[in-house]
Amino acid sequence: MKLRVSAALFGLGILLLVLAVGLPLYVAPAVTKLPYDLEPTTSVAEATNARFLQITAEAETVTIEVPRADLRSTIEVLPQPGLTRDELPEKLKGDAVVWDVYQTVRRTDNDRDITAYSTQLALFRVSGTAAPWEDQWLKQDDSDETPRGNVEYSGLTYKFPFGAEKKAYPLFDRDVKKAFPAAFVGTETVEGIEVYRYEQRIEEEELYTPEESLQVLLGAFAPEATTGKVIYSNTRTYWVDPVTGVWIDARDQPRKELRPDIGPTTVLLDADFNYTEDTISSTVESVKKNRFQISLVGLWAPIAAAVLGLIALALGLRLFFQAGGGAGRHSARASVAGGPAATKVDQDPS
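Quick caveat, the model's predicted, so the values are computed rather than measured. (Residues numbered from 1 in each chain as written. Predicted model: local features only at pLDDT ≥ 70, side-chain atom pairs only at ≥ 80, totals over all residues. Heavy atoms only, no water.)

Now for the nonpolar core. The biggest cluster of nonpolar side chains holds 32 residues, and the ones touching the most others in it are Leu71, Phe160, Tyr198, Tyr238, Trp247, Ile248 and Phe273. The contact partners of Trp247, leaving out residues within four places of it in the chain, are Thr157, Tyr158, Lys159, Phe160, Leu171, Tyr238, Trp239, Val240, Tyr275 and Thr283. By size, the runner-up hydrophobic cluster in this structure holds 16 residues, among which are Val77, Val101, Leu121 and Tyr153. (Core = buried A, V, L, I, M, F, W, Y, C linked by side-chain atoms within 4.5 Å. Buried < 20%, exposed > 50% of the residue type's maximum accessible area, 1.4 Å probe, protein only. Contact = heavy atoms within 4.5 Å.)

With that settled, consider the side chain of Glu257. On the secondary structure map, Glu257 appears in strand β12 (residues 247-260). Glu257 has contacts with Lys229, Val230, Ile231, Thr265, Thr266, Val267 and Leu268, leaving out every residue within four places of it along the chain. (Helix = DSSP H or I, 4+ residues; strand = E, 2+ residues; numbered from the N terminus.)

Once that is clear, we can look at a negative patch on the surface. Taken together, the side chains of Glu191, Glu277, Asp278 and Glu285 make up a negatively charged region of the molecular surface. With respect to the helices and strands, the residue Glu191 is situated in the loop between β9 (178-190) and β10 (193-207). (Patch = residues over 30% accessible without salt bridge, like charges linked within 9 Å, V, L, I, M, F, W, Y side chains within 5 Å. Areas by Shrake-Rupley, 256 points an atom, 1.4 Å probe, with all protein chains shown as cover. Salt bridge = Lys/Arg side-chain N within 4 Å of Asp/Glu carboxyl O. Lys, Arg positive; Asp, Glu negative; His and termini not counted. Charge placed at Lys NZ, Arg CZ, Asp CG, Glu CD.)

Positionally, Thr244 belongs in the loop between β11 (228-240) and β12. With a relative accessible area of 2%, Thr244 lands in the buried category. Here Asp241 takes part through its side chain, which lies 2.6 Å from a polar atom of the side chain of Thr244. Separated by 3.4 Å, the side chain of Thr244 and the backbone nitrogen of Val246 make a polar contact. (Polar contact = N/O pair within 3.5 Å; in protein donor to acceptor, adjacent residues only side chain to side chain.)

Next up on the list: the packing of aromatic side chains. Counted under the stated rule, the structure contains eight aromatic pairs. Judged by centre distance (5.5 Å) and plane angle (85°), the ring pair of Phe160 and Tyr169 falls under edge-to-face. With a relative accessible area of 0%, Phe160 lands in the buried category. A centroid spacing of 6.2 Å and a plane angle of 55° characterise the contact between Phe160 and Tyr238, whose relative ring orientation is tilted. Separated by 78 residues along the polypeptide, Phe160 in the loop between β7 (137-140) and β8 (169-173) and Tyr238 in strand β11 bring together distant segments of the chain. (Phe/Tyr/Trp six-rings, centres within 6.5 Å; stacked < 30°, edge-to-face > 60°.)

Right under this line is the structure:
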């Protein structure tokens, strides 16, 4: 009986040790990748007393003004597992996922939309950087066209890498349509989670503005001008969970100015967007859950499996030697007991 139990414990110990090695090598990498079936997410940021360009068309009257009001920005991320499976080229299959992203900025006083955009892009599952996919697209405002390949994403877009480091990362800007560095500036704590803080600064970039749109702006704000340009600046701050690469908090401070060749500069946008408390709390809960899964598979489960495996091996070996030693002593006692009896039979005169 002891030999059977010993063999079972020995086999269990080997199995647990194999599991302890396999979890961090094969299972942990799977949970540090963007899943194909990621749940849709929504993040909300608000800007108080922002200045912004508003063009209103009513009947045959077009009003162009730069009012002040509170704004709310809503970003929805909708993973597309079907497109990931069917549309990505072979070189990206298994390594990238397709996301649809929608953003709407609207006034909170009258719920009127100010700007909107939608995009479809591919991201590498581990690094979070944009994947080179020819069919990606970006649609601004109310345009009916979704020309594939009209944008070339680069750098990070909507998350940082799993295992983010204390270094600068290139982060894509949708207005300029290129990546600018987001520098690591320090470590902070947000709702009990240690986060890395990154800052991206964009200084005095001229935005491409169609001539027709530029003339409309000049006619409204600098009628004596013949030409001009729109200048864009921004400072972005991200508080990132270094384990999952998720933005726990974010701040966006865009500014746009119309600078005509004749006449004063007009501020077209001046806002300070910050994540709402609900968005931060919801993100923190999600990060805590994902952190637990990653640490469980990558650290605690392997340690527990290794410890239990060693205990099982030790118990199995102990029972094995006990069973072997007991059998030897039993045989010796049988030989001693059987000796005189055999002698007695041999000496029987019959």
